[in-house]
Amino acid sequence: MEKKLDLEKKLDRVSVHDSINELSERVKKDGITSMLSRFEAQEKTRCTYCTQGISCQLCSQGPCRITKFADRGVCGIDANGMVMRNLVHQNIFGAAAYTYHAKTAFKTLRAAGEGKGPYKIKNESLLNSVATSLGLSSNGNAKETAVKVADFFWSDLHRDSSDESRLVEIFAPESRKKVWRALGIFPGGPLHEVLDTETRCMTNIDSDYVSLAKMAMRMSISMAYCSQLALEMCQDILFGTPTPHETSVDVGIINRDYVNILPNGHEPFVGAAIIDIAHRQDIQEMARAAGAKGLRVIGSIETGQELIQRYPTDDVFVGLTGNWLNTEYVLATGAVDLFAVDMNCSVPTLGLYADKYNATVASVSKLVHIPGVKLNYEYTPENAEELALKLINIAIDNFKNRKGKETFIPNKKQTAIVGFSTESVLGALGGSLEPLLDVIKKGAIKGVVALVSCSTLGNGPQDEMTVAVAKELIKRDILVLSAGCGNAAVQVAGLQALSASELAGNGLKSVCQALKIPPVLSFGTCTDTGRIAHLVTAVAGALGVDPSQLPVAVTAPEFMEQKATIDAVFAIAFGLYTHVSPTPPVTGAPDVVKLLTEDVEALTGGKIAVGNDPVSAVDGIEAHIMKKRKALGI
């Protein structure tokens, strides 16, 4: 009975956002499969062994499960080894995805340096700063310097796991490097760390759960510095470092009378090319000749986050619809002309929705193939302009075909201040961290929490847990830095508007109003985990302490997929208290649970906390922050 009540509570609506609930009703009436209907079906068939992590299908002797009748798999692995090995497999996927994105970013920066493709060096000062950090000479030639930086990043990406990463050595805090060397988890390059870790996770190789956990942390460190931080540096050099500005979010930004192009996924390269070309008058005239008022570009999920962080909102680039759980429902508006999907978070039903709601979907990555989607292209830096023009023409043709057909666009729209980064935070503080440190020391801000999360139906309606946790944190005078799909959650919920300071505690409210910032700062995508770590490193350095000593924590209120798991493991390795929800599939191994939630703190200073109740979760975070404040004497 309790299970039934929980299920009914979970599924009374699909989202915390009214716009998505309205579109969900339309989809339901149209009788098309949806995220909600599939969740309902799967919730009735969950395997309790899988939810605990104690099942394995790696070899032909299985599937195996750990039960009261069988305490080991056929090969001999116990519950601890099985659970940790399953968890590390998820981490491998996440590390590989971030590294693939990094590889593309490095190729794009190098192409820009060689004068191939449409991209220019927008932030030459950052390029020179990065080159100096890497020990490279710039000689005043931006293009040559771009090639050198790209080659350095590329080399470290491929560095053997037996050699120490140069990027980790250059950018990680000295105190952390000491910890990582002592634990034997100072990594090489991510490609080789992924290779080593994947091989360890085969049948009958590494079955020791502590060893596997250490390898996951080692891989996460390499991923954070050699993939995440490096790729964001490349994108900042190419497209500009994020600076605070106002944008618009939610599906109400879609206008049926325009040709609407939505870049979707995690990489900004094709979307950036489309935005630049879409501003040309001849392109707008083409759209008007087709009967539209013009052509607009609208960001979707993480690709959209990358774009809104860097591009101003105007008559052509109009903002962001939301996170990955929105995508089916956004197509259901009937007003999308082209959904251009790159790697990651492009759901398998997009072809069905395109057919039903008069849209065109095109893949722009060699990785992505979706049933029913016949337009598959491969982005390269050299073909970016040609590809963008082709996609624009496809969108205009789609508009001609859908013109006059039924649309349904909920009248919901929100403003958000976006574009925060280490550089822009320093800028807002007058070039120094001292003002931030002063308000933390005085207690106006108790601490800082990085909200780096996905969006999931696994612990309630879309974004409900994320919004509740963020509201609870700011109410207690805790500043929030948000990234990932959780960033869209708080944007659409209005927590990145200046008016959101009214929801904050008196201390945080006064700081927000003085600096003219919201209480939740947009740090972009899940990829920006490395960027956030860079800011935490700067704060720790200014105070002369290790990151684990700071009144800082991490929360992933709605983790969903494999990239989130590697982010969480890095947070632990970095020394941070890390709350996650829903509870990961580890509960079938009490020793693993104890390692992640207790024992690892003595090794790295970080640990995992779980919990699906937002108030209880924030109670734990606040207690941790107050403990760190007391230890620092503030």
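Values in this document were obtained by computation on a predicted structure and should not be read as measured data.

Conventions adopted
Every residue gets a number counted from 1 within its own chain, in the order that chain's sequence is written. Predicted model: local features are reported for residues with pLDDT of at least 70 only, side-chain atom pairs are reported and counted for 80 or more only, and whole-chain, interface and lining totals are derived from all residues. Heavy atoms throughout the structure, all of them, feed into the side-chain values; hydrogens and water do not. Helix and strand labels come from DSSP, where a helix needs a run of H or I of at least four residues and a strand needs a run of E of at least two; each type is numbered from the N terminus. C-alpha atoms define the radius of gyration, and 2.2 Å times the number of residues to the power 0.38 defines the globule rule. When a residue's accessible area, from a 1.4 Å probe over protein chains only, is under 20% of the maximum for its type it is buried; when over 50% it is exposed; and in between it is partly exposed. Each accessible area is a Shrake-Rupley result for a 1.4 Å probe, and residues are judged covered by the shown protein chains and nothing else. The set of buried Ala, Val, Leu, Ile, Met, Phe, Trp, Tyr and Cys residues whose side-chain atoms join them within 4.5 Å is what this entry labels a nonpolar core. Residue contacts are defined here by distance: any two heavy atoms, one from each residue, within 4.5 Å place the two residues in contact. The criterion for an aromatic pair is that two Phe, Tyr or Trp rings (for Trp, the six-membered ring) have centres within 6.5 Å, with stacked assigned to planes under 30 degrees apart, edge-to-face to planes over 60 apart and tilted to the rest. The criterion is that NZ of a Lys, or CZ of an Arg, lies within 6 Å of the ring centre and within 35 degrees of the ring normal, and then a charge sits over that ring. DSSP calls a pair of strands paired once it identifies at least 2 bridges connecting them. Axis definition: a line fitted to C-alpha atoms, limited for helices to the stretch in contact. Angles are taken between N-to-C directions and run from 0 to 180 degrees. Any angle that falls under 35 degrees is termed roughly parallel, while one over 145 is termed roughly antiparallel, one within 65 to 115 roughly perpendicular, and all others oblique. Crossing handedness is defined as follows: a turn of the near helix away from the far one that is anticlockwise and smaller than a right angle gives a left-handed crossing, while the clockwise case is right-handed. For this classification, the nonpolar set comprises Ala, Val, Leu, Ile, Met, Phe, Trp, Tyr, Cys and Pro, the charged set comprises Asp, Glu, Lys and Arg, and every other residue, Gly included, is treated as polar. Values of pLDDT, the confidence the predictor places in each residue, fall between 0 and 100. By salt bridge we mean one thing: a side-chain nitrogen of Lys or Arg within 4 Å of a carboxyl oxygen of Asp or Glu.

Student: How should the overall build of the chain be read in this particular structure?
Tutor: Of the regular secondary structure elements, the chain holds 26 helices and 16 strands. Whereas a compact globule of 634 residues would reach a radius of gyration of roughly 26 Å, the chain reaches 24 Å, a difference of no more than 12%. For the chain, with 634 residues in total, the buried portion stands at 61%. When the accessible area of the chain is evaluated, it comes to approximately 23300 Å², of which 52% is carbon and sulfur surface.

Student: Just checking my understanding: could you explain the nonpolar core for this structure?
Tutor: Buried together is how nonpolar side chains tend to be arranged in soluble globular proteins. Met84, Tyr119, Phe153, Trp180, Tyr225, Leu295 and Leu391 are the most contacted members of the largest nonpolar core, which has 176 residues in total. Element by element, the count of residues in this core is highest for helix H11 (residues 209–239), at 18 residues. Apart from residues lying up to four places away in sequence, Met84 is in contact with Tyr209, Leu212, Ala213, Val592, Leu595 and Leu596. In this structure, Val14, Ile32, Met35 and Ile301 belong to the second largest nonpolar core, which totals 38 residues.

Student: I keep staring at unusual backbone geometry and nothing clicks. Help me out?
Tutor: Pro63 follows Gly62 through a cis peptide bond whose omega is 0°. Tracing the chain through its elements places Pro63 in the loop between strand S1 (55–56) and strand S2 (64–65). Here Ser581 and Pro582 are connected by a cis peptide whose omega angle stands at -5°. Inspection of the secondary structure puts Pro582 in the loop between strand S15 (577–580) and helix H25 (590–604). The backbone of Cys345 sits at a positive phi, close to 65°, despite the residue not being glycine. Its place among the elements puts Cys345 in the loop between strand S7 (338–341) and helix H16 (350–356).

Student: Looking at this structure, how should I read the packing of aromatic side chains?
Tutor: Two aromatic rings are characterised by how far apart their centres lie and by the angle between their planes. Counted under the stated rule, the structure contains nine aromatic pairs. With a centroid separation of 5.3 Å and 35° between ring planes, the pair formed by Phe106 and Phe153 is classed as tilted. Taken as a pair, Phe106 in helix H5 (residues 79–113) and Phe153 in helix H7 (residues 142–157) lie far apart in primary sequence, 47 residues in all. Residue Phe106 is classed as buried on the basis of its relative accessible area of 1%. Centre to centre, the rings of Trp180 and Tyr225 are 6.3 Å apart; their planes meet at 65°, and the pair counts as edge-to-face. Placement of Trp180 in helix H9 (residues 174–183) and of Tyr225 in helix H11 is noted, with a sequence separation of 45 residues between them. Taken as a pair, Trp180 and Tyr225 share a single burial class, namely buried. Geometry around Phe39 places Arg46 over its ring, the cationic atom sitting 5.3 Å from the centre.

Student: What am I meant to see in the sheet that holds strand S14 (residues 552–556) here?
Tutor: Within a sheet, each strand pairs with its neighbour through backbone hydrogen bonds, oriented either parallel or antiparallel. The parallel open sheet is built from six strands, whose spatial order is S13-S12-S11-S14-S15-S16. Of all strands in the sheet, those bounded by a partner on one side alone are strand S13 (520–522) and strand S16 (607–610). On average, each strand axis in the sheet is tilted by 25° relative to the strand beside it, whichever way the strands run. Two elements, strand S12 (residues 478–484) and S13, share three bridges in a ladder whose sense is parallel. Its bridge partner lying in S13, Leu481 is registered against Leu521.

Student: For this particular structure, what's the right way to read the packing of H7 against H11?
Tutor: Relative placement of two packed helices is described by the angle separating their axes and the distance separating the axes. Running from amino to carboxyl end, H7 crosses H11 at an angle of 165°, the nearest separation of the two axes being 11 Å. The angle between H7 and H11 places the two elements in the roughly antiparallel class. Relative to H11, H7 is oriented so that their crossing is left-handed. Listed contacts from H11 to Phe153, Asp156 and Leu157 of H7 are Cys226, Ser227, Ala230, Met233 and Cys234.

Student: How should I be thinking about the pairing of strand S6 (residues 317–320) in this particular structure?
Tutor: Looking down a regular strand, the side chains alternate between one sheet face and the other. Pairing analysis gives two bridges linking strand S5 (residues 295–299) to S6, with the strands arranged parallel. What sits directly across from Gly299, in S6, is Leu320.

Student: Help me understand the packing of H5 against helix H10 (residues 190–200), please; the structure alone is not making it clear to me.
Tutor: Direction vectors running N to C along H5 and H10 enclose 160°, while the axes themselves pass 10 Å from each other. By the angle between their axes, H5 is roughly antiparallel relative to H10. The way H5 lies across H10 gives a crossing that is left-handed. Where H5 approaches H10, its residues Val88, His89, Ile92, Ala95, Ala96 and Thr99 are matched on the opposing element by Pro190, Leu191, Val194, Thr197 and Glu198. Grouping the constituent residues of the contact of H5 with H10 by class yields seven nonpolar, three polar and one charged.

Student: Quick question: what am I supposed to make of the confidence of the model for the chain here?
Tutor: Any region with low pLDDT has predicted coordinates that should not be read closely. Across the chain, the average pLDDT comes to 95, with 98% of residues at 70 or higher. Of the regions scoring below 50 in pLDDT, residues 1–9 engages in two contacts with residues more than four places distant in sequence or in other chains.

Student: Before we go on, may I ask you to explain the pattern of salt bridges in this structure?
Tutor: For side chains of opposite charge, pairing can occur when their charged atoms come near one another. Evaluated as defined, the whole model comprises 37 salt bridges. The shortest N-O distance in the salt bridge between Asp257 and Lys293 comes to 3.8 Å. With Asp257 in the loop between strand S3 (245–249) and strand S4 (259–264) and Lys293 in the loop between helix H13 (281–289) and S5, this residue pair connects regions lying 36 residues apart in the sequence. A relative accessible area of 30% means that Asp257 is categorised as partly exposed.

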